[in-house]
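# Overview (structure and organization)
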Amino acid sequence: SFDIFAASADINGDYGQCSILHKRKTIQVSKPQSFTTTRRDIVNRFFASGSEYAKEFAYFFKENPISDQVKHNTVDQYWYRLAGSLVYLEQYGVHFMVSRMVYSYDKRRDKPALSLVYGQIFDENWKELPNVELVVPSNNPDIHNDEKEEAQKFTAISYPDFLPFPAYHKFNINKDGYYGPEDPRIIVVKNPKGYEEPLVLFNANHRKILEEEIEEASKSKVLFKEYRSMFMSWPWQFQRGKLNMEDLKSKHNSNLYTRVIELKIENSMRLLAQQKNWTPFISFQERVAEGYDKYIYMVIRWNNIEVLKCSLTENFDNSVSSCSFEYKMRTTEVLDGVGPLRGGTEMVNVNMLLHEHVEKFPQLQHELDRIPEGREVYLGFARAHFKECGCGKGFYRPNLVTLVKDNASQYKLHDVGSFMSLNVPVTSWDLSRDLEECINGLPNLLIPNGVSAWDIRKVGTHVLDYLTLSFSVNDHTVDMVHIQGLLRYLLPGLNENGHFGYDNDNVKCAMDLSSAYCTAYGE
């Protein structure tokens, strides 16, 4: 069972009346399944490969060589894997996962020095394919398999492997730095030539030239500033060098990296503080109209909801996609902070899901007809972050959210859920203790990472939906659960009156109940 607060009435900020918005729903959840991978083998294979990408990070391990870590079986003391996010690649019949591998100089997974992105392929039964090669649409400059300039190129990519994301790093200057791509989230987009391909959202430190002073005719002094920004990356596309991450030519100029583009809000300054927790989604209406995905949208704030619109196809000046505001609940206020509800998975387009299955299950046409013209509906899992609320210094759990977009780009949160346990045991942050417990000064985390699949099947005489959610426990695991029955609760509300919910009432009600959940859990 779980609790949601629906945009079904106006309580006008009177949170003593949250019961008017409250609904209790029931779904079925499978036992959690873990994607276990031997970190020792991953690390040993990568750094023994001799690739230019592996060589680039060698100086991180000058005092603690990888060969010694492997020899003395200490890899697991320094390396951790988390934040697995998957998508289903229909044309290949496989699941593609990206997860995060971090190296901690201090043997602390909450204080990593280096973060890398690891890619894997799984079959339809969620079993890893250990040595697989996909022939994929690409812009690889080394591939010339068609003389026609407008034709789609293809290249072969092998998995599993680390994806060569360009990264700014100066470990020899700042040993306490925090380098490489963080919190990868994956979504499938359709490119202008009609091919589907994965797109990864992540945040990372990068360095930009602030100013350049000419001291002498032959010398100049360059001043830099470091920022944390959001980026998008196409794992099947590539670029030469990494000027867009370091802003200065280096010995890596000829290296081939995964193509990345910075996401920057137009008419605004880059932020020095952390910029992260953006939630991506795709418009099915635009895909039908254009034949491909011209834009990607991002929820960058749930409380006082704000939505960005970023181009996927323009000629990006200086490797930057200028994002404009698609919607802001508060247009005149300067808002501070994002509130406790943030990040989480991508949002899945329910219109697209129904259209993909209506031919096989004609009864779904009735549900499509009930959706008002121009409305798009999205479902995903955000996460709320509470500090010192009853269990540990930081507490995370998933919060189910449904987002509705109506004509004239009006967005609202139709449903916001309280914390969901998903019946997942959250073992101790202390990895030496295999039990659930609250430890003062340490986190207690169950973080949703991605909606890995959402399918509709006939079981007996019933048409049922099965959603697969990937998550991590205490920044140490890559797990998933299967959830059955979300559509059953979602569909009846798709045609509800559009006048309610353009406020924060259901967000505040859900956060109050989430806080109470944390207190009860701690007790």
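In what follows, the structure referred to is the one given above.
Residues numbered from 1 in each chain as written. Predicted model: local features only at pLDDT ≥ 70, side-chain atom pairs only at ≥ 80, totals over all residues. Heavy atoms only, no water.

## Side note on the overall build of the chain
Counting its regular elements, the chain contains 10 helices and 26 strands. Taking 24 Å as the expected radius of gyration for a compact globule of 523 residues, we find that the chain reaches 23 Å, a close match to that expectation. Dimensions of the chain, computed from C-alpha atoms along their principal axes, come out at roughly 70 × 60 × 55 Å. Sequence separation of at least 24 residues holds for 64% of the intrachain contacts in the chain that already meet a minimum separation of 6. Accessible area for the chain stands at about 23,300 Å²; split by element, carbon and sulfur atoms hold 46% of it. (Helix = DSSP H or I, 4+ residues; strand = E, 2+ residues; numbered from the N terminus. Rg over C-alpha atoms; globule rule 2.2 N^0.38 Å. Contact = heavy atoms within 4.5 Å. Areas by Shrake-Rupley, 256 points an atom, 1.4 Å probe, with all protein chains shown as cover.)

## Focus on the nonpolar core
Core analysis: the largest hydrophobic core is formed by 48 residues, its most contacted members being Phe61, Trp79, Phe96 and Tyr159. In contact with Tyr159, not counting residues within four places along its chain, are Phe96, Gly119, Ile121, Leu129, Pro130, Asn131, Val132, Leu134 and Trp236. (Core = buried A, V, L, I, M, F, W, Y, C linked by side-chain atoms within 4.5 Å. Buried < 20%, exposed > 50% of the residue type's maximum accessible area, 1.4 Å probe, protein only.)

## Details of the state of the cysteines
Every disulfide links exactly two cysteines, by a covalent bond between their sulfur atoms. In the structure shown here, the tally under the stated rule is four disulfides. Here Cys18 pairs with Cys509 through a disulfide, and the sulfurs are 2.0 Å apart. Every disulfide takes its handedness from the sign of the S-S torsion; for Cys18 and Cys509 that torsion is -80 degrees, giving left-handed. In this pair, Cys18 is assigned in the loop between β1 (2–6) and β2 (22–25) and Cys509 in helix α10 (residues 505–522), connecting sequence segments 491 residues apart. The buried category is assigned to Cys18, whose relative accessible area is 11%. Covalently, Cys391 is tied to Cys438 through a disulfide, its sulfur atoms 2.1 Å apart. Between Cys391 and Cys438, the S-S torsion sits near -105 degrees, and that sign places the bridge as left-handed. Linking Cys391 in the loop between β21 (376–387) and β22 (394–406) with Cys438 in the loop between β23 (410–419) and β24 (444–459), this pair joins segments that are 47 residues apart in sequence. Given a relative accessible area of 0%, Cys391 falls into the buried group. (Disulfide = S-S within 2.5 Å.)

## Re the pairing of strand β6 (residues 94–103)
Summarising burial for β6: 10 of the 10 residues are buried, a large majority. Side-chain alternation along β6 places Val94, Phe96, Val98, Arg100 and Val102 on one buried face and His95, Met97, Ser99, Met101 and Tyr103 on a second face that is also buried. In the sheet, strand β5 (residues 79–89) pairs with β6 via nine bridges, with the strands oriented antiparallel. The residue of β6 that forms the bridge with Ser85 is Val98. Between β5 and the antiparallel strand that follows it, β6, lie four residues; Gly93 among them carries a positive phi value of about 70 degrees. (Pairing = 2+ DSSP bridges.)

## Notes on the pattern of salt bridges
Within this structure, the stated rule accounts for 20 salt bridges. With its nearest N and O atoms 3.6 Å apart, the salt bridge here joins Arg39 to Asp76. In this pair, Arg39 is assigned in helix α1 (residues 39–48) and Asp76 in helix α4 (residues 75–78), connecting sequence segments 37 residues apart. The buried category is assigned to Arg39, whose relative accessible area is 14%. Residue classification places Asp76 among the partly exposed residues on the basis of a relative accessible area of 41%. One salt-bridge network, in which partners are shared between bridges, spans Arg100, Glu182, Asp183 and Arg228. (Salt bridge = Lys/Arg side-chain N within 4 Å of Asp/Glu carboxyl O.)

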